[in-house]
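Working through the structure, step by step
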Amino acid sequence: MAVFVALGAFLMTLAGGWTAQRVTDRRHLVLGLAGGLMLGVVGLDLLPEALEAAGDEVFGVPEALLLFVTGFLLAHLVERLLAARRAAHGADEHGQRSPQVGLTAAAAMVGHSAMDGVAIGAAFQVGGGMGAAVAMAVIAHDFADGFNTYTLTSLYGNARRRAIAMLVADAVAPVAGAASTLLFTIPEGALGAYLGLFGGVLLYLAAAEILPEAHHEHPARSTLLCTVAGAAFIWLVVGIAE
């Protein structure tokens, strides 16, 4: 049942990526929506789950929050190192983006989707009602995952075929994750630590890259509304799941 339900996440992820491809003439709106979706996923979904799963504290600070900050700083460090490398080879730091950053971010999205599948499988092990609730939340926000995976990969200068390959990998990931629960389970603390770290990386990309790019050439009110709508959509998904 868990694997069958995860096929819904597979289809929703592909639908999100397809939508991102079809609106290329409204790129600023796509980026504004993607930034809002990413912000909503981090603040309303990933961090609460991470804090619940990784409840230990280190010097008075929850472990999940420390890893969240670590993820943010790690993403910043990687981007600065790549920028310095491009500058050393005569590239324009502000005019070019490193494809590796986009691929790394997309790979993190794939990992997150695999954890979504694991969550579906684990929830069905608890009970049918729990499994249905978790599956509904995962399927709903996997549309946003597919949208963001394609957008992140293509934004950083990767070819369309690479963006599609990462989208397909992101779609397959929840099915593989759900199937893996037939073999093993991930400790709750480790899952929470991963979610915290990934949340920091995702927030950096949204705040430092996606949203500034969305408003750079088109500082329109409609772009801001798309950002708010993206965050509100994730709020709706989380509220329905609860």
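An unreviewed UniProt entry lists the protein chain under the name Permease, from Streptomyces parvulus. In the Subcellular location (unreviewed entry) part of its UniProt record, the protein chain is described as follows: "Cell membrane". Looking at the protein chain in UniProt, the text filed under Sequence similarities (unreviewed entry) is "Belongs to the ZIP transporter (TC 2.A.5) family."

**Some details on the packing of helix H1 (residues 2-22) against helix H6 (residues 160-180)**
The N-to-C vectors of H1 and H6 enclose an angle of 160°; their axes lie 7 Å apart at closest approach. Looking at the two axes, H1 sits roughly antiparallel to H6. The two elements H1 and H6 meet at a crossing, and its hand is right-handed. On H6, the residues touching Ala2, Val3, Ala6, Leu7, Ala9, Phe10, Thr13, Leu14, Gly17, Trp18 and Gln21 of H1 are Arg160, Ile164, Leu167, Val168, Asp170, Ala171, Val172, Pro174, Val175, Ala178 and Ala179. Residues of the contact of H1 with H6, tallied by class, amount to 17 nonpolar, three polar and two charged.

**Focus on H1**
An ideal rise of 1.5 Å per residue puts 30 Å on 21 residues; H1 measures up with 31 Å between its terminal C-alpha atoms. For H1, the set of buried residues is Ala2, Val5, Ala6, Ala9, Thr13, Gly16, Gly17, Ala20 and Gln21.

**Looking at unusual backbone geometry**
Trans peptide bonds make up most of the peptide bonds, and negative phi angles are found at most residues other than glycine. A positive phi is found at Phe59, a non-glycine position, where the angle reads about 50°. Counting through the fold element by element, Phe59 comes out in the loop between strand E1 (57-58) and strand E2 (61-62). Here Phe59 falls in the exposed class, since its relative accessible area comes to 87%.

Parameters at a glance
- Residues numbered from 1 in each chain as written.
- Predicted model: local features only at pLDDT ≥ 70, side-chain atom pairs only at ≥ 80, totals over all residues.
- Heavy atoms only, no water.
- UniProt positions renumbered as here; feature names shortened; annotations may be inferred.
- Axes fitted to C-alpha atoms, helices over the stretch in contact; angles between N-to-C directions.
- Helix = DSSP H or I, 4+ residues; strand = E, 2+ residues; numbered from the N terminus.
- Parallel < 35°, antiparallel > 145°, perpendicular 65-115°, else oblique.
- Left-handed = near helix turned anticlockwise from the far one by under 90°.
- Contact = heavy atoms within 4.5 Å.
- Nonpolar A, V, L, I, M, F, W, Y, C, P; charged D, E, K, R; others polar.
- Expected span 1.5 Å × (residues − 1).
- Buried < 20%, exposed > 50% of the residue type's maximum accessible area, 1.4 Å probe, protein only.

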